[in-house]
Amino acid sequence: MSLDHCMFRIFSQSQDFFLLYDEYYPKIFAYVLARLRHRETAEDVVQQVFEQALANIASFSLKKGATFGSWLFAIAKHELVNVTRAQSRVVATSQEFLERIPHEETFLQTLLLEEVAIEEQYIWFQILAAMDTLTDEEREVITLKYLAGMSYEDISAIMHKKPNTLAVMLKRALEKIRITISVCKK
Amino acid sequence: MQEIKDSLKNIGKHFQKTQDNHQELLRQKLSARVDAYRVLVRSFSWSSFAAWSVGGCAMLFLAFQVHYRYQEYALYTEGVVYDAEPAVFEEYALAPSYEIDAYALSEADVAADVIMRTSPSSNVSKNTGAIIDYEEEHGSMIEEQVNIALLTREDQAASTIAELFTSLGGHLSSLQQSDTYASLSGSIPLSRLSFFYDQLDALVKNDAFIEKNIRGQSITSQVLDVSARMDVLVAAQAEIAAQLQVATTDEQKTSLRERLDALSQDMDTLVKEQQTLEDRVAYVEVSLSVAQLPSLWEAHNDVDLRYIVAGYDEPNIWQRIQLHIFSVLFVGVEVMSTAFWILIPLLVLVWRYMKRRKMFRDLA
C-alpha cells in the first residue's frame, strides 16, 4: 500500500498520518527554505502547512488523481504566496547576482555547513544566487526536483504541466544557471 | 551541467536534514490535533457498510415475517369479516323472523321447522286445516331461499360458482363482480342443492369462511288457492258446455262460446300460475356473496385474533399465549427496526458532534 493510500486509514490509526508526515516534512521544509532563504520563517510556514493539511484533511481525495504530496505542496505554495508577496527576488543583472552571493552565504551559514567543503559551499552560494535569475516557473521546478526531491509525476500534479514540458523547463533552467555562473566567473 | 545537478541535489539533502528539532516539536503539536480530527473524519469501510446493510435487511425481513403471520391470521378476523359483513351479510337484517342458521341442518329439518314457525301468508285461503290435510297427502310445499356468504382466497371463485349454477340445471339470473367482491343470484334445482353445497365446500377448502342462511316459506296455501280456483273454473266450464248443448239461438251459442274462451284463458293463466308455484318449490333461490381476502399488506385496525387463531372458536390457553407472543413480537420488531435504522445513527451523529466540541474546547 502506497503512502498516499495511508490517507484513507489516517484516522483509524494516527501512526499513518505521521508516516506521511515523516515522509513529506523534509521535502516541504527544503522547498520552503529554498524559497524563503530564512530558517525561522521557513519553520513557521511549514508548521502552518501541516496544520492546514490536518484541518482540511476531509476534503482531500485520491480520486481526482492528486497525490498527498502534491496536495501538501499546493498548500505550501499558497502559504508562501502570503509570505513572499512583498518580496521581489528576480535578479536581472550580473551585478545584482554578484551582490546576492554574500546574502546567500549568510543564509547558508545559518544551516550549519561544517561537513561541507569550502569549495562546495561557494558553489552552493552561486547556484542559489543564480536561481534568482530564473523565472518563477523555472525556479519552482528546480526547487521541487532537486531541493525537495520530487518526481516528475508529482511535480506535474503540483504545477499542472506535462512531464515532458517540465523536463524541457528543467533543462533550460539548468542551462541558465550554468551560463550565469560561468559568465560571472569570467 | 552534471555538476550543477549534483550540487543542487546536495543542497536539497542538506536542506532536508537541518530541521530535526523542529520536526519533532511539530509532531508533538500535531498529535493532539490528530485525536480531535479522528472523531471528525472516518474512513469509509466497506465491511462496516456491508454489516449495516445486511443487519438492516435482516431486521426488516424478520419484521415482515412476523407482520406477515400477524396479518395472515388477522385477515380472517373480525377486521376482515366485519369489513365484508356490511356487504356480504347485510341480508341478515332483512331476513324474516323465521330465518334459520341452517348450516348443519338437513332440508327436511328446515322444512319442518319452517312449517311450524311460519304462519300462512296467503290472503286467499285461510283454511289451515285444508293446508295440513294437503301437506299430509302431498308433502310440504316449501319455497326456499338460501343466502350464502364466502370469504376465500380463490381468485376464480365467482366464475366457478357461476358455472355451477348452469351445470346443475339451474339458472344464473345475475352476476356482479369487482376485483374483490362478487354477487351472484340464481336458482338451483332442489334435488341438486346438497350437491351444490358440497361443491362449494370443495371449492373453498381450508381457508374460507362460509355463512349460510336458509329461509323457507310455505306456499301450500297458494297452491291450494290456485287449485281451488282451477276447480271453480273447471266446474264453470262444464256448466257452460252443458248450456251450450241446449242453446237454441245463435246469439246464445255465441255468448256461451265467448264465455268458454274467456274461461280457457283464465284456466291457462292458472296453469301457468301452478307451474310457477311448482317451480318455486322445485328450485331454490340462491344468493351468493363472494368476498376475496384482501392483500396481506392491507392495513386493518381493531382486529381480533381470537377467531382466526382459534379457527372461529374461542382460543384455548396455548392459542392465547401464541396471540400474546405475536402481539409483543410484532410491536418489538417494529421498534427495533426503527431503532436500528434511524435512532442509532442519529445517536452516533450526536455523540460525535458532542465529542468534537469537547475536543476543540480542550485544545483551545
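Residues numbered from 1 in each chain as written. Chains lettered and ligands numbered in written order. Predicted model: local features only at pLDDT ≥ 70, side-chain atom pairs only at ≥ 80, totals over all residues. Heavy atoms only, no water.

A.B. asks: Would you mind showing me how to read the overall build of chain A here?
C.D. replies: For chain A, the count of helices and strands is 8 helices and 0 strands. Mapped in sequence order, the helices and strands of chain A form the string α-α-α-α-α-α-α-α. For chain A, buried positions account for 52% of its 186 residues. Long-range contacts, defined as pairs at least 24 residues apart, comprise 60% of the intrachain contacts of chain A with a sequence gap of at least 6. Accessible area of chain A: about 8900 Å², with a carbon and sulfur share of 53%. (Helix = DSSP H or I, 4+ residues; strand = E, 2+ residues; numbered from the N terminus. Buried < 20%, exposed > 50% of the residue type's maximum accessible area, 1.4 Å probe, protein only. Contact = heavy atoms within 4.5 Å. Areas by Shrake-Rupley, 256 points an atom, 1.4 Å probe, with all protein chains shown as cover.)

A.B. asks: How do you make sense of the overall build of chain B when you look at a structure like this?
C.D. replies: When its secondary structure is counted, chain B shows 13 helices and 5 strands. Within chain B, the fraction of its 364 residues that count as buried is 37%. Contacts in chain B between residues far apart in sequence, at least 24 positions, make up 78% of those at least 6 positions apart. By element, 55% of the accessible surface of chain B is carried by carbon and sulfur atoms, the whole surface being about 21500 Å².

A.B. asks: How do you make sense of unusual backbone geometry when you look at a structure like this?
C.D. replies: A negative phi angle characterises most non-glycine residues, just as the trans form characterises most peptide bonds. All names here are of chain A. At H160, a residue that is not glycine, the phi angle is positive and equals roughly 60 degrees. By the secondary structure assignment, H160 is in the loop between α7 (152–159) and α8 (163–185). Taking relative accessible area as the criterion, H160 reaches 70% and is therefore assigned exposed.

A.B. asks: Would you explain the packing of helix α5 (residues 118–131) of chain A against helix α1 (residues 2–17) of chain B in this entry?
C.D. replies: The relative placement of two packed helices comes down to the angle between their axes together with the axis-to-axis distance. Where α5(A) meets α1(B), the axes come as close as 10 Å, and the angle between the chain directions of the two elements is 95 degrees. By the criterion of interaxial angle, the relationship of α5(A) to α1(B) is roughly perpendicular. Contacts between α5(A) and α1(B) involve E120(A), I123(A), W124(A), I127(A), L128(A) and M131(A) from the first element and I4(B), S7(B), L8(B), N10(B), I11(B), H14(B) and F15(B) from the second. The class makeup of the residues in the contact of α5(A) with α1(B) is 9 nonpolar, 3 polar and 1 charged. (Axes fitted to C-alpha atoms, helices over the stretch in contact; angles between N-to-C directions. Parallel < 35°, antiparallel > 145°, perpendicular 65-115°, else oblique. Nonpolar A, V, L, I, M, F, W, Y, C, P; charged D, E, K, R; others polar.)

A.B. asks: What is the right way to read the side chain of R37(A) from this model?
C.D. replies: Looking at the element boundaries, R37(A) is found in the loop between α1 (14–36) and α2 (39–55). Within the structure, the side chain of R37(A) is placed 2.6 Å from the backbone oxygen of A34(A), a separation counted as a polar contact. (Polar contact = N/O pair within 3.5 Å; in protein donor to acceptor, adjacent residues only side chain to side chain.)

A.B. asks: It is not clear to me how the packing of aromatic side chains should be interpreted in this structure. Could you clarify?
C.D. replies: How two aromatic rings sit relative to each other is given by the distance of their centres and the angle of their planes. Residues and elements named next belong to chain A. Under the counting rule described, the total for this entry stands at 6 aromatic pairs over all chains. A centroid spacing of 5.5 Å and a plane angle of 50 degrees characterise the contact between Y21 and Y25, whose relative ring orientation is tilted. Placement of both Y21 and Y25 in helix α1 is noted, with a separation of 4 residues, approximately one turn of the helix. In terms of burial, Y21 and Y25 fall into one category: buried. Taking relative accessible area as the criterion, Y21 reaches 1% and is therefore assigned buried. Clustering of aromatic rings is evident, with ring pairs tying together Y21, Y25, F29 and F50. Its end group placed over the ring of Y152, K145 keeps NZ or CZ at 4.4 Å from the ring centre. (Phe/Tyr/Trp six-rings, centres within 6.5 Å; stacked < 30°, edge-to-face > 60°. Lys NZ or Arg CZ within 6 Å of the ring centre and 35° of its normal.)

A.B. asks: Sorry, what's going on with the nonpolar core here?
C.D. replies: Generally speaking, nonpolar side chains in soluble globular proteins are found buried as a group. Ranked by size, the top nonpolar core spans 59 residues in total, and within it I28(A), V32(A), F50(A), I142(A) and L8(B) carry the most contacts. Ranked by size, the runner-up nonpolar core spans 23 residues in total, among them A157(B), Y197(B), L200(B) and L203(B). (Core = buried A, V, L, I, M, F, W, Y, C linked by side-chain atoms within 4.5 Å.)

A.B. asks: I'm lost on the packing of helix α6 (residues 136–147) of chain A against α1(B) in this one. Help?
C.D. replies: Two numbers describe how α6(A) lies on α1(B): the axes approach to 8 Å, and their chain directions differ by 70 degrees. Judged by the angle between their axes, α6(A) and α1(B) are roughly perpendicular. Contacts between α6(A) and α1(B) pair I142(A), Y146(A) and L147(A) from the former with K5(B), L8(B), K9(B), I11(B), G12(B), F15(B) and Q16(B) from the latter. Broken down by class, the residue content of the contact of α6(A) with α1(B) amounts to 6 nonpolar, 2 polar and 2 charged.

A.B. asks: In this structure, what is going on with the confidence of the model for chain A? I would like to understand it.
C.D. replies: Regions with low pLDDT carry predicted coordinates that are not meant to be interpreted in detail. Residue and element names in this part refer to chain A. Residue-level pLDDT values for chain A average 75, and 68% of them are 70 or greater. Across chain A, α6 holds the top mean pLDDT of 90, while helix α4 (residues 94–109) sits lowest at 59. Below pLDDT 50 for its whole length, residues 1–13 participates in 33 contacts with residues either more than four positions away or in separate chains. (pLDDT = per-residue confidence, 0-100.)

A.B. asks: Would you take a moment to explain helix α11 (residues 250–282) of chain B for this structure?
C.D. replies: For an α-helix, the turn length of 3.6 residues means that residues three or four places apart are oriented alike. Helix length check: α11(B) (33 residues) gives 47 Å between terminal C-alpha atoms against 48 Å at 1.5 Å per residue, within 8%. Within the sequence span of α11(B), burial applies to L256(B), L260(B), L263(B), M267(B), L270(B), L277(B) and V281(B). (Expected span 1.5 Å × (residues − 1).)

A.B. asks: Where do I start with the confidence of the model for chain B in this structure?
C.D. replies: Residue and element names in this part refer to chain B. In the predicted model, chain B carries a mean pLDDT of 70, and the fraction of residues at 70 or more is 60%. Low pLDDT, under 50, characterises residues 75–126; the stretch is placed with 103 contacts to residues that sit more than four places away or in other chains. Here residues 295–313 scores under 50 on pLDDT; set against residues more than four positions off or in separate chains, the count is 46 contacts. Across the assembled chains, the prediction reports ipTM 0.78 with pTM 0.42.

A.B. asks: Help me understand the pairing of strand β2 (residues 171–177) of chain B, please; the structure alone is not making it clear to me.
C.D. replies: Regular strands place side chains that alternate from one sheet face to the opposite one. All names here are of chain B. As paired strands, β2 and strand β3 (residues 181–189) are joined by 6 bridges and run antiparallel to one another. Directly across from H171, in β3, lies its bridge partner S187. The hairpin turn running from β2 into β3, its antiparallel successor, is 3 residues long. (Pairing = 2+ DSSP bridges.)

A.B. asks: Even after reading the chapter, I still don't get a nonpolar patch on the surface, so can you show me in this structure?
C.D. replies: Residue and element names in this part refer to chain B. On the surface, W52, L60, W341, I342, L343, I344, L346 and V348 cluster together into a nonpolar patch covering about 670 Å² of accessible area. Sorting elements by how many residues they give to the nonpolar patch places helix α13 (residues 317–363) first, with 6 residues. With respect to the helices and strands, L346 occurs in helix α13. Assessed through its relative accessible area of 49%, L346 is described here as partly exposed. (Patch = residues over 30% accessible without salt bridge, like charges linked within 9 Å, V, L, I, M, F, W, Y side chains within 5 Å. Salt bridge = Lys/Arg side-chain N within 4 Å of Asp/Glu carboxyl O.)

A.B. asks: How do you make sense of the environment of E120(A) when you look at a structure like this?
C.D. replies: Looking at the element boundaries, E120(A) is found in helix α5. Ignoring sequence-local partners within four residues, the contact set of E120(A) consists of S7(B) and N10(B).

A.B. asks: Is there a simple way to explain the pattern of salt bridges in this structure?
C.D. replies: For side chains of opposite charge, pairing can occur when their charged atoms come near one another. Counted according to the given criterion, the structure contains 13 salt bridges over all chains. Note that E24(B) is salt-bridged to R27(B), the shortest N-O span being 3.7 Å. Taken together, the residues span about one helical turn, with E24(B) and R27(B) both in helix α2 (residues 20–40) at a distance of 3 residues. Since its relative accessible area comes to 41%, E24(B) is described here as partly exposed. Measuring nitrogen to oxygen at the nearest pair gives 3.3 Å for the salt bridge that ties D225(B) to R229(B). With a gap of 4 residues between them, D225(B) and R229(B) both fall in helix α10 (residues 220–246), about one helical turn apart. For D225(B), a relative accessible area of 8% translates into the label buried. On the accessibility criterion, R229(B) (36% relative accessible area) is partly exposed. The network of salt bridges with shared partners includes D22(A), E24(B) and R27(B).

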